[in-house]
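If you want the building blocks of each chain, they are given just below.
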Amino acid sequence: MMKKLTFLFTFMVMVFACTTVYAQATNDQIVAEWQRAKNYTKAYLDAMPDDGYGLKPTPEMRSFAGQMLHLADDNYFFTCWVSGKTNPLGKTSLEKTVGPTKAATIKAVMDSYDFAISTIQGMTPAQLQETMKVSGKEFSKFIVLNKGFEHQTHHRGQATVYLRLKGVTPPQEMLF
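Procedures and definitions
- Residues numbered from 1 in each chain as written.
- Predicted model: local features only at pLDDT ≥ 70, side-chain atom pairs only at ≥ 80, totals over all residues.
- Heavy atoms only, no water.
- Axes fitted to C-alpha atoms, helices over the stretch in contact; angles between N-to-C directions.
- Helix = DSSP H or I, 4+ residues; strand = E, 2+ residues; numbered from the N terminus.
- Parallel < 35°, antiparallel > 145°, perpendicular 65-115°, else oblique.
- pLDDT = per-residue confidence, 0-100.
- Contact = heavy atoms within 4.5 Å.
- Salt bridge = Lys/Arg side-chain N within 4 Å of Asp/Glu carboxyl O.

Q: Explanation requested: the packing of helix H2 (residues 64-83) against helix H6 (residues 141-165) in the structure shown.
A: Any two packed helices are characterised by the angle at which their axes cross and by the distance between the axes. Interaxial distance between H2 and H6 falls to 9 Å at its minimum, and their mutual angle equals 175 degrees. As judged from the angle between their axes, H2 and H6 are roughly antiparallel.

Right, dumping it as C-alpha cells:
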C-alpha cells in the first residue's frame, strides 16, 4: 500500500511540475510574440517617411499615424482589460491626442508595447486561464489577449497599403 501511495504522490508531483513548466513556457512564448510584434511594428514605423505619417488613402480613412496610434490605444485596452490594471491613458486616446509626426507616433506606439509586455510578464499562467465574459460568452483571458494581438496584426497589415502608396517596400515578414 505504501508503494502505491508513494508512486501516486510522485506521479502527482511530476504532473504538477510539468504543468507549471509548460504554463511558464507558454507565458514566456506570449511575451516573446509581443516582443516580436513590437519589433515588426517598429520596422513599419521606421519605413514610413516623415511626410507619410499624415497620409490618408481616402478622406474617411485614418492616417498612417492614426492606424498606428489606434493600434497603440488597443494595446493598452486589451492588456488592461485582461489584467485588471488601470489604463495609464485614462480615457485619453492616443489617436486623438498625439500629433501625427514620426517621432511622436513611434514613441507612443513603442510605449504601448512596453506597457503591454510588462503587463503580460506580470500575469501568472493561472490568471491567463481565468475566464471573462465578452459579448455574453465566456473566454479565457489568454484568448481575449490573443484578440488584442490579432487586432494589432490587422492594423499593421493595413499599414502595408500606406507604405506602398508612398512608394516604400514594406518590411520583410517577421513571423518567427
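Picking up where we left off.
Q: Before we go on, may I ask you to explain the confidence of the model for the chain in this structure?
A: When pLDDT drops low, the exact placement of atoms in the prediction is not to be read closely. Put simply, the chain has an average pLDDT of 89, and 86% of its residues get 70 or more. Taken as a whole, residues 5-24 scores under 50 in pLDDT and shows two contacts with residues more than four places along the chain or in a different chain.

Q: How do you make sense of the environment of Met110 when you look at a structure like this?
A: Looking at where Met110 falls in the secondary structure, it is placed in helix H4 (residues 102-121). For the pair Met110 and Leu45, spaced 65 residues apart in sequence, the C-alpha separation works out to 9.9 Å. The residues touching Met110, leaving out its near neighbours within four places in the chain, are Lys38, Lys42 and Leu45.

Q: Before we go on, may I ask you to explain the pattern of salt bridges in this structure?
A: Any two side chains of opposite charge can pair, given that their charged atoms come close. Under the defined criterion, the tally for this structure stands at ten salt bridges. For Glu150, the salt bridge is made with Lys147, and the minimal N-O distance between the two is 3.8 Å. Of this pair, Glu150 and Lys147 both sit in helix H6, separated by three residues, roughly a single helical turn.

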